[in-house]
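# Inside the fold
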Amino acid sequence: MDIKEKFRSFIDKQKISLKTPTSPVQGAEFVTSDEFEGRTAVTAQLHRKSSLLNDHILTPEAEQAIINDIESIYFECGNVDVSEHELRKLPEIADVHVINGLRSRLRKQQAIVSRRVSDLIMQKQGQCSEEMERVTELQKEVIKEVGLCVEGRKKLAQGRTQFTSASLGILANYSKRQKISSVIRSLRMIRTLQMTDVQLQNLLKAEDYPGAIQLLLECQKAAATFKHFTCISELSTKLQDTLEGTEEQLDVALARVVANFNASNYEKLQIAYGLLGKTQTLMDQLHMHITSHIHNSAFTIVLGYVELYNSAAGGNNSTASSSFSKLQYSELCKYVNEESLLPCLLDLSKSMWNILKSYRNIITWHENNEKVSGEKMSEIEQNNELATFRKYTKQKLEHGLYRIWQDVQAKVRTFILASDLSHFKFDDFLRILDVMNKLIDVGECFCGSKSETLRESIKKQSINYFRNHHRARMDELHMFLENEGWEACPVKSTFSIHQLMEFRFLKGRETNLTRLTSPVNSPSKKQGNGGEKKDVFEQYGDEGSPFDLAMEESVEEDIMASEDVDDAATLTDDDSDDDLPEELKRDYVDEQTGETPHPHPKRKVDHSKTPIVTNTTLTILRLIGKYLQMMRLLQPIALDVMICLSHLFDYYLYAVFTFFGVRGELEQQLSRHLRTSLKRIEDTLILSPDLPHDDPANQDKVPCPSLSPVVDLTSPESMYGLGVRVAAVESLGFLALQLESLHPHLEPLIPPQRRTILHQFYTSTVKATPEIRRHVYSAVAAQVIDYEGIMSRMSTVRWDINDLMSQHSQYVDVLLRQLQVLSMRVEELSRVSPLPSEAYRALWECVVRSTNHTLLEGFASARKCTNEGRSLMQLDYQQFLMKLECLTWVRPLPDKSLVEAFIKAYYLPESALEEWVRQSGGDYSPRHLTALTATMTHISKRARQRIAVMVEEGGKKT
């Protein structure tokens, strides 16, 4: 038996064993090869036939379940080896029962699938019969249509035979008609040629240049065609003369297009020149007319203003007018006076704008026409003469951009340099700068030019103008400072620099102020905010120009506070006493001595946000606004303008320090940074009386101002001029804050490589304003309290006592009383003039710091001291701090820890004392440390010597 039959017998045997488990085959466990090939195979075949008949009788649900169990490999297309797949599923140790089971399952699946396929075929048998009937009917229809076609062809052959003679007759008649029509056309053409002149003039009046040229060309062609007629022979000469006259009119129309572009007329001219075959001549004539129009327009405008203002001045004779017209343009510009310069410049710029706009429109027209024509032309047409002309036109127009702009620059530059602008008003000069910058922007949008010619001319004029202007402004500032009464201007609480007229351009009005940047750093297509710059020609379109004078809004400054406003209305919620501790609301009571409490009203310090500015401060702010406009309009000299701007603040700071600062011991307390800044200002800006004023090296220096005689800084009743000091220092602080807010506007205007000068100005001068405030208030603090009297009273106190009393020393009450009087007088001052919280804090910090240093000096002056005496120092100082905290809300109290640490250092042992001296020795003078160790009886003499050496070395280092 072959291998397949052996497997089949093996599978049948397994199936028989599964079907008849109660009567297994005898000896199945030990099947020999003979039994496998003989008896067992026969028995399995019989069982297989009987099982197939029984297995195929199944319910539809069971059949569907069996079909669903069929593996997907049996449904795959292609060369799939199913036998190999089934053999792989057999166990490694062959078992005939397992094989028979698998075989039975496969046969059952095959039978059910075959039955299903047969059923589907039987279901579709009816539809197949119906389709066959439809095919038969279609075949009959096709046969019928073939018969109709054959019949039609027979009829067509009959018609072609019967109508041949009639067709020939029709053709003969048509030929006669064509000959008659040709004769009629010739007669009409002769009549048209005779009427050409009248029609041509009508077309030219209607500006239909293509129609006129087309008519002339057709007439010439017709004349050449019908030259055999006698009446046409004399017409050719007349047509040639008419054509030449028409070309002259085309040239005049082209000159009008240059001055005022019209797309319709220009298109007609293009077509007309194209018909004449002179398209390249059109481009040459166009550029010639533009150049001529630039020169003629500039000369005519300047001549008109010169004659107008010369007539107004009395020179109205015709001889003077004719002499002006004979001058060269450069000489004529010198006769433009100061009054007419700005309107003449505006008209000249508008005229140049119209010429540039017309040329730009011509370029745009050609670009659009090329796009439209390029889409319609085929590849063959693009290689013909028309493509060559377009290439020539494009190159000619591109080369003409820069040349035309150079002519415009030359005319404007000659006009600007011919006049002396140094005596102009600042606002008028800014308008001239604005016009020049707009013209430069136009040139940049027109051809991408950096306009070096215009930049150099306006830079030259600006340097000359600004040098004179700044020198005059510094002289005015010197005069203002010498006459300043140092009283706060009653401005509104909401006052800011943006309310001043000079800073309006920072609030959305900068669109009228373009920036003149340096050619190297100026972006060609970018704006100052980082986005792409809008094309000027697209912005204005066909209407208006950048040089039209816009109607400026009549905005009046409203910065002064009304006189009828209640003072209480200016107080903020922070000024109320609700948030103050209860101790600050109580009157002063000396709890230890039992003295009668003195009336102490509730402290009401005006903490309003109203800025303090003086008249000089407002003047400097206005100058800063104008200087900032100059920087924005003329960036090439922005650094020079910024330096002059810094001179305004430097001079004001130096004047405040000179007027209200105190020289001597307090000046030594200034930081090295501030001393360096003041020395720099004095060397570079202040003119010494010993130096000659005519020296060019000193032309930018200003004499040191002197304080006005009306200002009194020596009267104790006015707290040594505290009110004017507050006005001066706080106005300086307000000015510094405004400069800080303008820093983002200033920095982009300075070249990156030179911005260190700007940063140095801010770090060395502007940042020094708080230290100026402390120094000026220290001068007041040094005089309002009798520190020498306090030191004298402290020197009488015995610190070597053995018993500590509960009563503090008397000098504490005297000191507190003086501070209480100071608090009341400060409160009275705040009711008369505003006292900002910054000034209040700075004043009290200076007073407390001076008081603490006085107490420290008094404590260090003790020659002998005991533990009880040291405790008395602590008691006195704690009493002082407790009452001081009720007098002022300044927290933390300055140098409080310095005094407390000095008092407590008395109790330190030798080892801790040396470490304390090493760490905090820089906070105390050598005399303080020496006096401290001298009173400490619990340390050895050797320790005192070591500490003395440490103090001496520390003093040398400092």
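Residues numbered from 1 in each chain as written. Predicted model: local features only at pLDDT ≥ 70, side-chain atom pairs only at ≥ 80, totals over all residues. Heavy atoms only, no water.

### Some remarks on the overall build of the chain
- Scanning the chain from N- to C-terminus turns up 36 helices and 2 strands.
- When the 958 residues of the chain are sorted by exposure, 41% land in the buried category.
- Within the chain, counting contacts between residues at least 6 apart in sequence, those at least 24 apart form 81% of the total.
- In the structure as shown, the chain presents an accessible area of about 53400 Å², 52% of it carried by carbon and sulfur atoms. (Helix = DSSP H or I, 4+ residues; strand = E, 2+ residues; numbered from the N terminus. Buried < 20%, exposed > 50% of the residue type's maximum accessible area, 1.4 Å probe, protein only. Contact = heavy atoms within 4.5 Å. Areas by Shrake-Rupley, 256 points an atom, 1.4 Å probe, with all protein chains shown as cover.)

### A few points about unusual backbone geometry
- Omega for the bond connecting Arg-891 with Pro-892 falls within 30 degrees of zero, at -5°, which places this linkage in the cis form.
- Along the chain, Pro-892 falls in the loop between helix 32 (867-887) and helix 33 (896-904).
- One non-glycine residue, Trp-486, lies in the positive phi region at around 55°.
- Accessibility expressed as a relative area gives 1% for Trp-486, which makes it buried.

### Observations regarding the confidence of the model for the chain
- The predicted model of the chain averages 79 in pLDDT, with 78% of residues at 70 or higher.
- Within the model, the stretch residues 509-531 combines pLDDT values under 50 with 55 contacts to residues more than four positions away or in other chains.
- In the model, residues 564-607 has pLDDT below 50 throughout and makes 74 contacts with residues more than four positions away in sequence or in other chains. (pLDDT = per-residue confidence, 0-100.)

### Looking at the state of the cysteines
- Using the criterion set out here, one finds 0 disulfides in the structure.
- Left unpaired, Cys-445 is separated from the closest cysteine sulfur, that of Cys-447, by 10.0 Å. (Disulfide = S-S within 2.5 Å.)

### Concerning the pattern of salt bridges
- Throughout the structure, instances matching the rule amount to 25 salt bridges.
- Lys-396 is paired through a salt bridge with Asp-284; the nearest N and O atoms lie 3.3 Å apart. With Lys-396 in helix 17 (residues 385-417) and Asp-284 in helix 13 (residues 279-312), this residue pair connects regions lying 112 residues apart in the sequence.
- Among the residues examined, Asp-284 registers a relative accessible area of 35% and is labelled partly exposed. (Salt bridge = Lys/Arg side-chain N within 4 Å of Asp/Glu carboxyl O.)

### Some points on the packing of aromatic side chains
- This structure, assessed with the given rule, holds 25 aromatic pairs.
- A ring pair is formed by Tyr-305 and Tyr-309, whose centres lie 6.4 Å apart and whose planes are at 15°; its orientation type is stacked. Highlighted residues: Tyr-305 and Tyr-309, both in helix 13, separated by 4 residues, approximately one helical turn.
- Since its relative accessible area comes to 22%, Tyr-309 is described here as partly exposed.
- Ring centres of Phe-446 and Phe-537 lie 6.2 Å apart, and the angle between their planes is 45°; on these two criteria the pair is classed as tilted. Of this pair, Phe-446 sits in helix 18 (residues 426-447) while Phe-537 is found in helix 20 (residues 536-540), placing the two residues 91 residues apart along the sequence.
- Residue classification places Phe-446 among the buried residues on the basis of a relative accessible area of 4%.
- Overall, the relative accessible area of 8% leaves Phe-537 in the buried class.
- For the cation-ring pair, Lys-411 lies above Tyr-329, with the distance from its terminal atom to the ring centre recorded as 4.6 Å. (Phe/Tyr/Trp six-rings, centres within 6.5 Å; stacked < 30°, edge-to-face > 60°. Lys NZ or Arg CZ within 6 Å of the ring centre and 35° of its normal.)

### Let's talk about helix 6 (residues 96-123)
- Taking 1.5 Å as the rise per residue, helix 6 with 28 residues should run 40 Å; its terminal C-alpha atoms sit 41 Å apart, in good agreement.
- Residues of helix 6 that are buried: Val-96, Ile-99, Asn-100, Arg-103, Ser-104, Gln-109, Ala-111 and Ile-112. (Expected span 1.5 Å × (residues − 1).)

### Observations regarding helix 22 (residues 615-633)
- Given a rise of 1.5 Å per residue, 19 residues ought to cover 27 Å, and the 27 Å separating the end C-alpha atoms of helix 22 matches this to within 8%.
- With 15 of 19 residues buried, helix 22 is to be regarded as a mostly interior element.

### What to know about the environment of His-478
- Along the chain, His-478 turns up in helix 19 (residues 452-482).
- Residue classification places His-478 among the buried positions, given a relative accessible area of 13%.
- Sequence-wise, His-478 and Tyr-652 are 174 residues apart; in three dimensions their C-alpha atoms are separated by 9.2 Å.
- In this structure the side chain of His-478 is engaged in a polar contact, spanning 2.8 Å, whose partner is the side chain of Tyr-651. (Polar contact = N/O pair within 3.5 Å; in protein donor to acceptor, adjacent residues only side chain to side chain.)

### A word on a nonpolar patch on the surface
- A cluster of nonpolar side chains, Leu-138, Val-142, Val-146 and Val-150, forms an exposed patch at the surface whose accessible area comes to about 350 Å².
- You can see Val-150 is positioned in helix 7 (residues 125-162).
- Among the residues examined, Val-150 registers a relative accessible area of 44% and is labelled partly exposed. (Patch = residues over 30% accessible without salt bridge, like charges linked within 9 Å, V, L, I, M, F, W, Y side chains within 5 Å.)

### Things to note about the nonpolar core
- Formed by 216 residues in total, the largest nonpolar core has its most connected members in Phe-415, Trp-486, Phe-660, Leu-819, Phe-859 and Phe-880.
- Here this core takes 17 residues from helix 23 (residues 638-660), the largest share from any one element.
- Ignoring any residue separated from it by four or fewer positions in sequence, one finds Phe-859 in contact with Met-794, Trp-799, Tyr-811, Met-873, Val-899, Phe-902 and Ile-903. (Core = buried A, V, L, I, M, F, W, Y, C linked by side-chain atoms within 4.5 Å.)

### Overview of the environment of Lys-278
- Take Lys-278: it is sitting in the loop between helix 12 (263-276) and helix 13.
- Given the relative accessible area of 31%, Lys-278 is considered partly exposed.
- Not counting the four nearest positions on each side in its chain, Lys-278 is found in contact with Glu-247 and Tyr-273.
- Only 3.1 Å separates the side chain of Lys-278 from the side chain of Glu-247, close enough to count as a polar contact.

### Notes on the environment of Val-613
- Within the fold, Val-613 resides in the loop between helix 21 (582-585) and helix 22.
- Spatially, the C-alpha atom of Val-613 lies 9.5 Å from that of Val-729, the residues being 116 residues apart in sequence.
- Sequence-distant contacts of Val-613, defined by excluding residues within four places in its chain, comprise Glu-487, Ala-488, Cys-489, Val-491, Phe-495, Leu-618, Ser-731 and Phe-734.

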